[in-house]
Amino acid sequence: MARYLAKILILGTQTVGRAFVKTLQQEIEASQEAARILKAARSNTPNANDMPVKGMTLTEAQQILNVKDLHDRQEIATHYEHLFRVNEKKAGGSFYIQSKVYRAKERIDQELAKQQAKATDKQSPSESQSHANESDPKSW
């Protein structure tokens, strides 16, 4: 009888031990997954250069339109037109998603206009300086 009791005790302990190890492994995996999600969320947070305009950051706009390169206007237009057309009410789409697509395109266009304005501002002083030097008789 004592032998059977000892076997039952050993088998019970082994079962509880396996369950504990399995639970511990699941907890470690869940913790690692949470860390990966947190890291991804931190990498998607806007930085000082990516301030929201009308509630949308440039990063968010790129994600909505699935665009990596802002200078590829053809890709931006293609993705915008496709997403806008697919989400029309007549096609069974969502007005909310369609408005998000529109705002994403608008945000990217604003960013491109801002970059173009900066590029123009950088060129203007050097051009005006060269014209100023040409009109200065001392520089001849």
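Coordinates for the structure precede this section.
Residues numbered from 1 in each chain as written. Predicted model: local features only at pLDDT ≥ 70, side-chain atom pairs only at ≥ 80, totals over all residues. Heavy atoms only, no water.

Asks: What am I meant to see in helix α2 (residues 58–65) here?
Replies: Helical periodicity: at 3.6 residues per turn, an α-helix aligns residues three or four positions apart in one direction. Every buried residue belonging to α2 is among Leu-58, Ala-61, Gln-62 and Leu-65, and all of these are buried. End-on, the buried residues of α2 take up no more than an arc of 100°, which puts them together on one face. After α2 finishes, the residue Asn-66 shows a positive phi value of roughly 55°. (Buried < 20%, exposed > 50% of the residue type's maximum accessible area, 1.4 Å probe, protein only. Helix = DSSP H or I, 4+ residues; strand = E, 2+ residues; numbered from the N terminus. Arc of directions from axis to C-beta.)

Asks: Sorry, what's going on with the packing of aromatic side chains here?
Replies: Each pair of aromatic rings is reported with the distance of its centres and the angle of its planes. Using the criterion set out here, one finds one aromatic pair in the structure. Consider the rings of Tyr-80 and Phe-84, whose centres lie 5.5 Å apart with planes at 35°: the pair is tilted. Linking Tyr-80 with Phe-84, this pair stays in helix α3 (residues 73–86), spanning four residues, or about one helical turn. The class of Phe-84 is partly exposed, set by a relative accessible area of 27%. Directly above the ring of Tyr-80 sits Lys-105, whose terminal nitrogen or CZ lies 5.6 Å from the centroid. (Phe/Tyr/Trp six-rings, centres within 6.5 Å; stacked < 30°, edge-to-face > 60°. Lys NZ or Arg CZ within 6 Å of the ring centre and 35° of its normal.)

Asks: What's the story with a nonpolar patch on the surface in this structure? I'm lost.
Replies: There is a patch of nonpolar side chains on the surface, built from Phe-20, Val-21, Leu-24 and Ile-28 and spanning about 390 Å² of accessible area. With respect to the helices and strands, the residue Ile-28 is situated in helix α1 (residues 2–43). Residue class for Ile-28 comes out partly exposed when judged on its relative accessible area of 46%. (Patch = residues over 30% accessible without salt bridge, like charges linked within 9 Å, V, L, I, M, F, W, Y side chains within 5 Å. Areas by Shrake-Rupley, 256 points an atom, 1.4 Å probe, with all protein chains shown as cover. Salt bridge = Lys/Arg side-chain N within 4 Å of Asp/Glu carboxyl O.)

Asks: Would you explain the nonpolar core in this entry?
Replies: Among soluble globular proteins, nonpolar side chains are generally buried collectively. Among the nonpolar cores identified, the biggest contains 12 residues, and these are Met-56, Leu-58, Ala-61, Leu-65, Val-67, Leu-70, Ile-76, Tyr-80, Val-101, Ala-104, Ile-108 and Leu-112. Elements with a contribution of two residues or more to this core: α2, α3 and α4 (95–135). Looking at which element gives the most residues to this core, the answer is α4, with four residues. (Core = buried A, V, L, I, M, F, W, Y, C linked by side-chain atoms within 4.5 Å.)

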